[in-house]
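Examination of the molecular architecture
These are the residues of each chain, in order.
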Protein chains: 2
Amino acid sequence: MKGGKEAERTKPAPALRERAGTARPRMADVARIAGVSTATVSRALRQPELVSPQVRSKIDAAVEHLSYRPNLMAGALASARSKTIGVIIPSMINAFFSVTLEAIEEGLAGAGYQLLIGNSHYELESEERLIASMLAWSPAALVVTGCRHSRGAMRALLDTDVPIVEMWELTDNPIDTAIGFSQRDIGVAVARHFKERGAKRLGFVGAMHQRDYRADARRAGFFETAQSIGYEPPAEVQLPGLPTSVRGAKAFAELMAEHSDVDAVLCTNDVVALGALFEAQRLGWSVPDRLKICGVGDVDFAAACEPRLSTVSLPRRAIGLKIAEVLRERIAGRLPTGGVHDLGFELVRRGST
Amino acid sequence: MKGGKEAERTKPAPALRERAGTARPRMADVARIAGVSTATVSRALRQPELVSPQVRSKIDAAVEHLSYRPNLMAGALASARSKTIGVIIPSMINAFFSVTLEAIEEGLAGAGYQLLIGNSHYELESEERLIASMLAWSPAALVVTGCRHSRGAMRALLDTDVPIVEMWELTDNPIDTAIGFSQRDIGVAVARHFKERGAKRLGFVGAMHQRDYRADARRAGFFETAQSIGYEPPAEVQLPGLPTSVRGAKAFAELMAEHSDVDAVLCTNDVVALGALFEAQRLGWSVPDRLKICGVGDVDFAAACEPRLSTVSLPRRAIGLKIAEVLRERIAGRLPTGGVHDLGFELVRRGST
DNA sequence: CAAGTTAATGTAACCGCTATCATCATCGGT
DNA sequence: ACCGATGATGATAGCGGTTACATTAACTTG
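Residues numbered from 1 in each chain as written. Chains lettered and ligands numbered in written order. Predicted model: local features only at pLDDT ≥ 70, side-chain atom pairs only at ≥ 80, totals over all residues. Heavy atoms only, no water.

1. Some points on the overall build of chain A
Formally: Numbering of helices and strands runs from the N terminus; a helix is a DSSP stretch of H or I covering at least four residues, while a strand is a stretch of E covering at least two. Between the two quantities, the radius of gyration covers C-alpha atoms and the globule rule is 2.2 Å times the number of residues to the power 0.38. Burial here depends on accessible area, computed with a 1.4 Å probe over protein chains only, as a share of the maximum for the residue type. Under 20% is buried, over 50% is exposed, and the range in between is partly exposed. When checking whether two residues touch, look at their non-hydrogen atoms; a contact exists if any pair is within 4.5 Å. In this count, Lys and Arg are taken as positive residues and Asp and Glu as negative ones, while His and the chain termini are left out. Charge positions are represented by NZ for Lys, CZ for Arg, CG for Asp and CD for Glu.
Counting its regular elements, chain A contains 13 helices and 12 strands. On C-alpha atoms alone, chain A measures out to a radius of gyration of 26 Å, which is more than a quarter above the 20 Å that the 2.2 N^0.38 rule sets for 353 residues. Projected onto its principal axes, the C-alpha coordinates of chain A cover approximately 85 × 55 × 35 Å. Among the 353 residues that make up chain A, the fraction classed as buried is 53%. Contacts in chain A between residues at least 24 apart in sequence constitute 69% of all its contacts with a sequence separation of at least 6. The distance from the centre of the 44 positive side-chain charges to the centre of the 41 negative ones in chain A is 6 Å.

Now the structure itself:
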């Protein structure tokens with residue numbers, strides 16, 4: 001309340017406008033003007049087919065006239081369900097999840113749903129907290145990333161009757177619905193691809209070994225398959241912290257310094273692979289002749305770089321669209337039970353291998 | 001209700017668990033167990049200092065015992081304010097906004113706020129719709145991208161007493177608080193930088209001319225400054241659709257095909273610049289000797305590529321942190337009025353210029 | 001020690017909408 | 001003409017908190 005030079009502000013401080021503005025119209029106002037009860041207005045808004053056309057149009061007119069917007073919190077409280085979709089992702093920066101998020105939004109925002117977004121930072125405890133606070137909003141559905149959860153999180157997810165979707169991974173035992181692809185099989189596919197291309201010695205650049213267990217599943221698939229098809233265990237470097245191109249370049253340089261016989265490297269994702277590609281260029285390893293590099297993700301620049309980056313295309317967008325589809329069905333009451341949807345992935349063979 | 005093979009599902013369909021589970025505890029339950037009134041419980045939870053230590057600990061114990069979680073919707077309805085921050089961004093995929101989002105989240109999620117996120121797809125009408133639906137949640141604050149809004153959006157923003165933050169841009173006339181930097185000055189700075197480096201003829205690769213008016217402001221600064229310091233108007237290509245590396249490469253190739261005298265190109269962002277860089281490599285234009293390339297954004301790979309990309313570092317994270325800071329003050333009731341915060345940008349001179 | 005504060009708690013009226021149940025025409029069938 | 005359906009609408013009790021106001025106890029202060 002330092003008052004004083006308010007005048008220049010475009011928008012007066014709350015206190016000043018308190019008495020000025022007319023309050024937001026309530027449903028009761030609409031009802032009064034339309035000459036019906038609030039119950040009818042409520043019906044007209046959510047299940048128009050239950051209201052006669054004449055009454056409906058009177059109500060529409062009143063809504064229009066007052067520019068009435070329902071108070072969502074009141075509705076949510078009364079119906080014990082909010083027009084909200086909770087989504088928990090492990091990182092907001094990772095372009096993978098952003099695309100999925102955007103697709104979910106596209107598929108659901110049109111239906112009037114709001115996305116409530118939480119960032120777990122790849123931490124299970126953090127996820128547990130987020131799940132708890134999101135469930136406190138009684139969302140229409142909750143989408144979590146991955147199928148691995150803390151005990152508390154698991155309990156909360158099983159205990160609620162909010163539809164749950166686990167994404168970006170598969171499991172034999174979904175809480176409700178799982179939509180994703182096999183992370184492990186990616187590693188398998190790349191190992192075989194390297195074999196096909198005649199690589200003699202494999203390498204791997206990973207990141208966040210301990211925290212991103214999905215990336216770890218890819219690694220496991222790669223290592224196991226490598227051995228089963230006759231390679232010795234791949235040479236490996238792990239990035240400290242989040243995967244970035246700069247770190248990728250550095251880690252790649254270390255890997256090659258220690259294991260100069262490596263002639264095919266799988267990078268945990270395309271950003272890291274890009275760093276490796278540039279570093280290879282600087283160090284004079286010719287790609288793909290002397291050295292093959294493969295990424296994961298098929299992000300935009302993978303098709304633009306030189307040589308073009310071989311990578312694994314993930315169904316980032318398809319996951320989001322499928323989630324929206326399933327959720328629409330689920331919320332509408334059809335499709336009472338969940339299931340597992342494997343959306344697959346695709347190895348994209350380009351110039352770098 | 002197709003019933004039948006439910007047995008294998010981990011989580012029974014809603015209908016089945018209806019009568020089973022005990023209902024979630026309500027505040028009244030906590031009050032009863034602690035032997036106080038709900039008013040006291042409410043106080044203990046939101047303003048603990050108003051409750052005596054003894055009572056407080058009894059309440060804490062009851063909360064713990066029941067593992068009570070307040071129903072946020074009820075609280076929001078009663079107090080006409082929800083622990084929610086609405087954020088509207090023009091694109092979820094753009095890494096710039098993701099970083100800002102993450103910073104906002106870091107700064108506020110700890111305080112128990114949930115982020116409600118909307119994607120305007122660079123459309124003002126879409127933004128207007130989102131503003132309306134977000135305000136229906138009575139968020140604790142609303143963050144929008146940019147200072148340009150449709151008439152309806154403007155009215156809604158001025159009309160509400162929810163604190164508003166406009167980000168990623170500056171204005172003389174903020175609705176409430178603006179936190180960002182001058183987009184126009186970026187174009188100015190790069191034009192001067194090219195001059196400094198001895199460029200003779202400038203080029204520009206843009207995108208979404210019509211929709212992304214912030215990018216357009218950068219362009220305007222670049223063009224005007226170019227002319228005022230003695231260049232002829234820069235040669236220009238506009239990408240069709242969203243800026244990607246692939247399109248950037250293509251557009252760059254076109255630009256150079258038509259204007260082979262160009263020796264310094266500003267790309268609307270780093271992703272596009274990366275595409276251009278690769279294309280230059282393919283076409284045999286040596287960077288930076290024959291051709292200089294500058295991006296905008298300073299995304300991770302800009303420091304990793306070869307040559308390293310000169311670019312403009314934007315305060316992506318700082319914007320988010322500042323927003324969180326201002327909002328915390330604002331919501332706490334201190335700092336009743338808004339203001340404009342210029343967080344600046346930095347021209348990062350690297351190998352590509 | 002009476003009167004005025006201050007601190008701690010209780011009472012109860014909302015917040016604005018949803019959903020259940022009751023009401024009341026209207027209508028086809030017999 | 002009577003009766004049970006059927007359809008449209010109204011009355012109203014919550015949903016689960018918050019908060020203004022009332023109440024009571026403890027504490028100053030002259």
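2. Structural notes on the protein's contact with DNA strand C
Quick reminder of the rule: For this description, a residue counts as near a given molecule or strand if any of its non-hydrogen atoms is within 4 Å of it. The definition of a polar contact used here is a pair of N or O atoms within 3.5 Å, where within protein one atom must be able to donate a hydrogen and the other to accept one, and adjacent residues in sequence count solely through side-chain atom pairs. Here the term charged refers only to Asp, Glu, Lys and Arg, the term nonpolar to Ala, Val, Leu, Ile, Met, Phe, Trp, Tyr, Cys and Pro, and the term polar to all other amino acids, Gly among them.
Around DNA strand C, a shell composed of 24 residues is seen, among which M27, S42 and Y68 of chain A together with T40 and V55 of chain B lie nearest. Atoms of DNA strand C within 4 Å of the protein belong to the sugar or the phosphate in 70% of instances, the rest to bases. A distance of 2.9 Å separates a phosphate oxygen of DNA strand C from a polar atom in the side chain of S52 of chain B. A78 of chain B places a polar main-chain atom, nitrogen or oxygen, 3.4 Å from a base oxygen of DNA strand C. Those elements that place two or more of their residues in the surface near DNA strand C are α3 (38-46) and α5 (72-79) of chain A together with α3 (38-46) and α5 (72-79) of chain B. Considering only residue class, the surface near DNA strand C consists of 12 nonpolar, 8 polar and 4 charged.

3. Comments concerning the interface of chain B and chain A
We count it as follows: Buried surface area refers to the total accessible area, computed with a probe of radius 1.4 Å, that the two partners give up upon joining, counted for both partners together. Take a side-chain nitrogen of Lys or Arg and a carboxyl oxygen of Asp or Glu: if they are within 4 Å of each other, that pair is a salt bridge.
Contacts between chain B and chain A engage 71 residues on the former and 72 residues on the latter. Each partner contributes to the roughly 6,600 Å² buried at the junction of chain B and chain A, and carbon and sulfur atoms together form 58% of this total. At the junction of chain B with chain A, the criterion picks out 2 salt bridges. The partner of R282 of chain B in a salt bridge is E306 of chain A, and the shortest N-O contact between them spans 2.7 Å. On the surface where chain B and chain A come into contact, there are 17 residue pairs in polar contact (both at pLDDT 80 or more). Its residues placed into classes, the side of chain B that touches chain A shows 36 nonpolar, 18 polar and 17 charged.

4. Things to note about the relation of the copies chain B and chain A
Short version of the rule: Only residues with pLDDT of at least 70 in both copies count here: their C-alpha atoms drive the least-squares fit that superposes the copies.
Mapping chain B onto chain A leaves a residual RMSD of 0.1 Å; the transformation is a rotation of 180° accompanied by 0.0 Å of translation along its axis. Taken together, the rotation and translation relating the two chain copies correspond to the operation of a two-fold axis. It is L116 of chain B whose C-alpha, among those of chain B, lies nearest the rotation axis, at 2.4 Å.

5. Observations regarding the domain arrangement of chain A
Spelled out, the test is: Domain segmentation is taken from an automatic or database assignment of domains.
Domain annotation of chain A identifies domain 1 (5-68), domain 2 (81-181 + 317-344) and domain 3 (183-313). Inter-centroid distance (C-alpha atoms) of domain 1 of chain A to domain 3 of chain A is 58 Å.

6. Brief notes about the environment of H193 of chain B
Residue and element names in this part refer to chain B. Mapped onto the elements, H193 comes out in helix α9 (residues 183-196). Overall, H193 belongs to the buried group, its relative accessible area being 1%. Discounting chain neighbours no more than four positions away, the residues touching H193 are L347, R349 and T353.

7. Some points on empty space enclosed by the protein
Residues and elements named next belong to chain B. Put simply, the test is: Definitions used for this entry: grid spacing 1 Å over protein atoms alone; cavity, a set of points where a 1.4 Å probe fits but cannot get out; pocket, an open set with protein on both sides within 12 Å along at least 5 of 7 lines; lining residue, one with an atom within 4 Å of a point. Grid points are joined across faces, edges and corners, and a volume is the space filled by probe spheres set on the points.
This model, assessed by the stated rule, comprises 9 cavities of 30 Å³ or more. By volume, the largest cavity amounts to about 160 Å³. A per-element tally of the lining of the largest cavity places helix α10 (residues 213-228) first, with 3 residues. The residue makeup of the lining of the largest cavity, split by class, is 9 nonpolar, 4 polar and 3 charged. Taken together, domain 2 (83-179 + 323-341) and domain 3 (183-313) each give at least three residues to the lining of the largest cavity, which thus spans both.

8. Notes on the packing of aromatic side chains
Filter applied, for reference: A pair of Phe, Tyr and Trp rings is counted when the ring centres sit within 6.5 Å of each other, with Trp represented by its six-membered ring. The angle between the planes then sorts it: under 30 degrees is stacked, over 60 is edge-to-face, the rest tilted. When the NZ atom of lysine or the CZ atom of arginine is within 6 Å of a ring's centre and also within 35 degrees of its normal, the charge is said to sit over that ring.
Summed over all chains, the structure comprises 17 aromatic pairs over all chains. Considering the side-chain rings of W137 of chain A and W137 of chain B, the 6.0 Å spacing of their centres and the 85° angle between planes classify their relative orientation as edge-to-face. Highlighted residues: W137 of chain A in the loop between α7 (124-135) and β3 (139-145) and W137 of chain B in the loop between α7 (124-135) and β3 (139-145), drawn from two different chains. We classify W137 of chain A as buried; its relative accessible area is 3%. Taken together, the ring pairs in this structure connect F96, F97, W168 and F181 of chain A into an aromatic cluster. For R214 of chain A, the ring lying beneath its charged end belongs to Y213 of chain A, and the centroid distance is 5.0 Å.

9. Side note on the nonpolar core
Convention followed: The nonpolar core is taken to be a set of buried Ala, Val, Leu, Ile, Met, Phe, Trp, Tyr and Cys residues, with the residues joined through side-chain atoms within 4.5 Å.
Judged by nonpolar contacts, the single largest core of 145 residues is most densely connected at I85, F194 and I293 of chain A together with I85, F194 and I293 of chain B. Non-local contacts of F194 of chain A, meaning those with residues more than four positions away in its chain, are made with A199, L202, F222, Y231, A264, V265, L266, K292, C294 and T353 of chain A. Of all hydrophobic cores here, the second largest spans 32 residues; its members include L142, V144, A153 and I164 of chain B.

10. Thoughts on the sheet that holds strand β9 (residues 292-294) of chain B
Working definition: the strands of a sheet are paired by backbone hydrogen bonds and lie parallel or antiparallel to each other. Residue and element names in this part refer to chain B. Defined as follows: Paired strands, as defined in this entry, are two strands with at least two bridges between them according to DSSP. Only the stretch in contact is used when fitting a helix axis, every axis being a line fitted to C-alpha atoms; angles between N-to-C directions are given from 0 to 180 degrees.
Taken in spatial order, the 4 strands line up as β7-β6-β8-β9 in an open sheet, and their pairing is parallel. Every other strand in the sheet has two partners, leaving β7 (235-239) and β9 as the edge strands with one partner each. Looking at each pair of strands side by side, their axes are set apart by 15° on average, direction ignored. Relative to β9, strand β8 (residues 264-267) is paired through 3 bridges, and the arrangement is parallel. Paired with L266 across the bridge in β9 is C294. Packed on one face of the sheet, α9 meets β6 (202-207), β8 and β9 and runs near 160° to β8. Along the sheet, α10 contacts β6, β7 and β8; its crossing angle with β6, the most-contacted strand, is approximately 165°.

11. Quick notes on the state of the cysteines
To be explicit about the condition: To count as a disulfide, a pair of cysteine sulfur atoms needs to be within 2.5 Å.
Counted by the stated rule, this structure contains 0 disulfides over all chains. Left without a disulfide partner, C305 of chain A is nearest to the cysteine sulfur of C305 of chain B, which lies 11 Å away. Overall, the relative accessible area of 0% leaves C305 of chain A in the buried class.

12. Some points on the protein's contact with DNA strand D
Surveying the vicinity of DNA strand D reveals 24 residues, the closest of which are T40, R43 and V55 of chain A together with M27 and S42 of chain B. Each atom of DNA strand D within 4 Å of the protein belongs either to a base or to sugar and phosphate, the latter forming 66%. Within the side chain of R46 of chain B, a nitrogen or oxygen atom sits 2.9 Å from a phosphate oxygen of DNA strand D. In the model, a sugar or linking oxygen of DNA strand D is placed 2.9 Å from a nitrogen or oxygen of the Y68 of chain B side chain. The leading source of residues in the surface near DNA strand D is α3 of chain B, at 5 residues. Tallied by class, the residues present in the surface near DNA strand D amount to 11 nonpolar, 9 polar and 4 charged.

13. Focus: the sheet that holds β3 of chain B
On the basis of which strands lie adjacent, the open sheet formed by 12 strands has the order β11(A)-β5(A)-β4(A)-β3(A)-β1(A)-β2(A)-β2(B)-β1(B)-β3(B)-β4(B)-β5(B)-β11(B) and mixed pairing. At either margin of the open sheet sits one strand with a lone partner, and together these are β11 (339-342) of chain A together with β11 (339-342) of chain B. Here the strands of the sheet are splayed against their neighbours by 20° on average, with no regard to which way each runs.

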